[in-house]
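# A look at the structure
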Amino acid sequence: MSTLDIRDLQASHGQLRAVHGVSLSVKPGEMLFVLGANGAGKTTLLRSIAGDHRAEAGSVRLSGVDITGLAAHHRARSGLALVPEGRRLFPNMTVRENLALGRSTSREGPWTIEAIYEAFPNLAKLDHAPAGKLSGGEQQAVAIGRALMGDPVAIILDEVSLGLSPAAVDFAYDALKRVRDMGIALLVVEQDLNRALHTADDLMVMCEGHVTLHATPARTSLNALAAASFGHDEGETA
Ligand SMILES: Nc1ncnc2c1ncn2[C@@H]1O[C@H](COP(=O)(O)OP(=O)(O)OP(=O)(O)O)[C@@H](O)[C@H]1O
């Protein structure tokens with residue numbers, strides 16, 4: 001059974017339909033990437049799944065349970081975590097304090113701060129550092145750790161590598177791969193097609209609110225992903 005199962009999700013901003021009937025599913029320990037150019041509808045899709053934006057139609061199921069009617073904080077308590085674009089840590093609070101907040105906003109599970117440090121030894125060294133002083137990659141890892149504190153079965157992440165140096169992206173992706181190995185379902189929005197192609201279990205490209213390509217890495221290419229981002233088939237000229 002899929003951990004996250006989205007059927008025909010539709011969402012708008014006023015008169016503008018940003019997501020046109022998107023369906024996807026993510027299994028335990030699987031990483032599905034959502035790719036696409038600016039304005040493709042990726043963030044609206046993620047926010048609609050998390051319950052931060054109201055979907056007009058469609059369904060969201062988590063571990064087989066329909067959570068479509070739940071508010072965002074109840075979805076979080078059901079085991080769905082969102083790591084938003086920009087990570088939204090509290091810069092003046094320490095890594096430990098930011099991690100502790102993950103517990104207070106979500107459900108109780110086996111995760112403690114010590115367990116997070118065991119899973120991500122690089123974070124343990126930063127325990128008392130203010131989050132605002134960390135590199136972008138370290139901040140992303142703290143945001144992932146904060147999500148884990150809520151004992152999620154699925155984590156959705158927006159723009160994982162945006163604004164990060166290549167070394168910082170490596171750091172963040174190392175954390176993500178560890179989370180995947182824990183059996184958690186990951187839905188990741190990424191602008192870096194190459195990075196996605198080399199990390200994903202499954203890939204989806206959106207253009208103007210529609211899914212223009214859905215394939216495993218073995219069955220697609222960088223060219224096909226780029227073409228689909230602009231709504232073309234591979235080889236088609238603009
Ligand atoms: N708050 C909003 N009010 C009005 N229109 C919006 C709002 N947020 C997004 N949009 C519009 O909805 C469409 C989809 O935007 P969305 O942010 O979901 O795309 P995206 O793929 O995440 O792009 P980006 O990479 O730029 O964040 C775009 O046309 C965008 O201009």
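Residues numbered from 1 in each chain as written. Predicted model: local features only at pLDDT ≥ 70, side-chain atom pairs only at ≥ 80, totals over all residues.

Heads up, the rule is: UniProt positions are given in the numbering used here, feature names are shortened, and annotations may be inferred rather than shown by experiment.
An unreviewed UniProt entry annotates the protein chain as LIV-I protein F of Thalassovita gelatinovora. Of the protein chain, the UniProt comment under Sequence similarities (unreviewed entry) reads exactly: "Belongs to the ABC transporter superfamily."

### Regarding the sheet that holds strand β7 (residues 154-157)
Applicable threshold: For two strands to be treated as a pair, DSSP must find at least two bridges joining them. By definition, any uninterrupted DSSP run of H or I lasting at least four residues is a helix, any uninterrupted run of E lasting at least two residues is a strand, and each is numbered from the N terminus. Only the contacting stretch of a helix is used when fitting its axis, a line to C-alpha atoms as for every element, and angles between N-to-C directions run 0 to 180 degrees. By the convention adopted here, residues make contact when the C-beta atoms placed from their backbones lie within 7 Å.
Spatial strand order, β6-β7-β8-β3-β9-β10: six strands in an open sheet with mixed pairing. The sheet terminates laterally at β6 (80-83) and β10 (210-215), the two strands that pair on one side only. On average, each strand axis in the sheet is inclined to that of its neighbour by 15°, with strand direction left out of account. The pairing of strand β9 (residues 202-207) with β10 spans five bridges and is classified as antiparallel. For Met 206, the partnering residue across the bridge sits in β10 and is Val 211. The sheet contacts of helix α9 (residues 222-229) involve β3 (31-35), β9 and β10, and relative to β9 the element is tilted by about 30°.

### What to know about unusual backbone geometry
Heads up, the rule is: Exposure classes come from backbone-placed C-beta atoms, where a residue is buried if 20 or more other C-beta atoms lie within 10 Å of its own, exposed if 12 or fewer do, and partly exposed in between.
For Asp 151, which is not a glycine, the phi torsion comes out positive at approximately 55°. Mapping Asp 151 onto the fold places it in the loop between α6 (136-148) and β7. Since 18 C-beta atoms lie within 10 Å of it, Asp 151 is described here as partly exposed. The backbone of Glu 159 sits at a positive phi, close to 50°, despite the residue not being glycine. Residue position: Glu 159 is located in the loop between β7 and α7 (166-181).

### Examining the environment of Gly 163
Looking at where Gly 163 falls in the secondary structure, it is placed in the loop between β7 and α7. By C-beta crowding, Gly 163 is classed as exposed, having 10 other C-beta atoms within 10 Å. The spacing of Gly 163 and Arg 96 is 67 residues in sequence and 24 Å in space, taken between C-alpha atoms.

### A word on the pairing of strand β1 (residues 4-13)
With seven bridges joining them, β1 and strand β2 (residues 16-26) adopt antiparallel strand pairing. Bridged to Leu 9 within β2 is Val 22. From the end of β1 to the start of β2, which pair antiparallel, there are two residues, and Gly 14 there has a positive phi angle of about 60°. Summarising the sheet, β1 and strand β4 (residues 57-62) pair through five bridges and their orientation is antiparallel.

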